[in-house]
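# Observations on chain architecture
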Amino acid sequence: MKYRALGNTGIKVSEVSFGTWAIGGDWGRTNDEDALKSIQYAIDQGVNFFDTADVYGNGHSEELLAKATKGMEDNIYIATKFCRQGDIYDPNNYSYETVRSYCEASLRRLNREAIDLYQIHCPATEILKDGQVFDVLDQLQREGKIKHYGVSVETVEEGVICLEYPNVKTLQVIFNIFRQKPLEVLFPEVYKKGVGILARVPLASGLLTGKYSKEHVFEENDHRRFNENGEAFNVGETFAGLGFKNGVELAEQLKWIAEGRPTMASAALRWILDQQEVTCVIPGFKNIQQIDSNLQALEARTFSQEEQEKLRTFYEEKVEHLIRGAY
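I will try to describe carefully the structure that is included in this document. The residue numbers shown here count from 1 along each chain, following its written sequence. Two thresholds apply to this predicted model, a pLDDT of at least 70 for residue-level local features and 80 or more for giving and counting side-chain atom pairs, whereas whole-chain, interface and lining totals are computed over all residues. Based on all heavy atoms of the structure, the side-chain values leave hydrogens and waters out of the count.

## So, the pairing of strand S7 (residues 146-152)
Burial runs high along S7: 6 of the 7 residues are buried. Criterion used throughout: strands pair if DSSP finds at least two bridges between them. The numbering of helices and of strands both runs from the N terminus, where a helix is a DSSP run of H or I of at least 4 residues and a strand a run of E of at least 2. In terms of strand pairing, strand S6 (residues 115-121) meets S7 through 6 bridges, oriented parallel. What sits directly across from Tyr 118, in S7, is Tyr 149. For the segment spanning S7, helix H7 (residues 156-162) and strand S8 (residues 168-174), crossover handedness is right-handed. Using a 1.4 Å probe on the protein chains alone, a residue whose accessible area is under 20% of its type maximum counts as buried, one over 50% counts as exposed, and one in between counts as partly exposed. Crossovers are described as right-handed under a simple rule: with the strands pointing away from the observer, the path leading from the first strand over the helix to the second runs clockwise.

## Digging into the environment of Tyr 41
Within the secondary structure, Tyr 41 sits in helix H2 (residues 32-44). On a C-alpha basis, the gap between Tyr 41 and Leu 298 in space is 16 Å, while along the polypeptide they are 257 residues apart. Filtering out sequence-adjacent residues up to four positions away, Tyr 41 remains in contact with Ile 288, Ile 291 and Asp 292. Of note is the side chain of Tyr 41, whose polar atom sits 2.8 Å from the side chain of Asp 292. The contact criterion used throughout is that any non-hydrogen atoms of two residues lie within 4.5 Å. The definition of a polar contact used here is a pair of N or O atoms within 3.5 Å, where within protein one atom must be able to donate a hydrogen and the other to accept one, and adjacent residues in sequence count solely through side-chain atom pairs.

## Considering the packing of H2 against helix H3 (residues 60-68)
Contact pair H2 / H3: the axes reach a minimum separation of 10 Å and the direction vectors enclose 55°. Viewed along their axes, H2 and H3 adopt a mutual orientation that is oblique. Read as a crossing pair, H2 and H3 show a hand that is right-handed. Residues Asp 32, Ala 35, Leu 36, Ile 39, Gln 40 and Ile 43 of H2 lie in contact with H3, whose contacting residues are His 60, Leu 64, Leu 65, Lys 67 and Ala 68. Lines fitted to C-alpha atoms define the axes here, with helix axes fitted over just the stretch in contact, and angles between the N-to-C directions of these axes take values from 0 to 180 degrees. For classification, angles of less than 35 degrees are called roughly parallel, those exceeding 145 degrees roughly antiparallel, those between 65 and 115 degrees roughly perpendicular, and all remaining angles oblique. In a left-handed crossing the near helix is turned counterclockwise from the far helix by less than a right angle, and in a right-handed crossing that turn is clockwise.

As structure tokens, then:
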């Protein structure tokens, strides 16, 4: 395992870390025993950072992480998120009293004294512009409830706004071969300011594994079925905003990235890690096989300049105009 600095927090995290949305809910069937074994397996391979949120299975993924990391609180870092249990547009949802209650509830579920990284979970743009929520997070930090804080954003504009606040240590962004816009403006600014980047939806909800055909049908409780067109939340969180059939067609044209690399998925993650601004990728998982598959990115060959340019052209000519939703 290789480790990278998480912005200027003083923490170093595994290049391949993991998100826990899939084991919490909204990704079809889950199995807690498989999830716990998978987390332990990942830790055994050197993974030391996991991302979660209070709405993943209504706190269930936080509880699973508490069980899996008991006694390892000083060595295994956990990032969690808040605000989506309430109205993300309501300023009262970001008051000191409300955020403190969210924070304390997460601390109870995580069975920890402090949260390593507390992130605002895709708030409304106006909330970020107003900035009062950052004063609240500063207060929670002074109280010792959180060690560091960051923001999970939906758009480049939101990321740029967050950089105006000096205590924002990380940005979590949708970034993958289908979503290259952050490279243009956001990443250079982030790098200058020493802010960490967590790359979420790195496999475009599974499209970049190359394993799906257009005929595939997802389970009813899988967001890839009920949020394909943004019915429940931002459309970009599902298939990078491309829609399933478009995404499958585009993924077919990308199968060449697996040449000389373990798998298409490992190649897609390797491309993200080749960007110097990225701290880590946080793919999801349900079982040990998926942990192993994602960790193969560490062995995958780095992309050449020629390959990078080919993928940039592919994005500009074939992908960008098909992406729906604000990004």
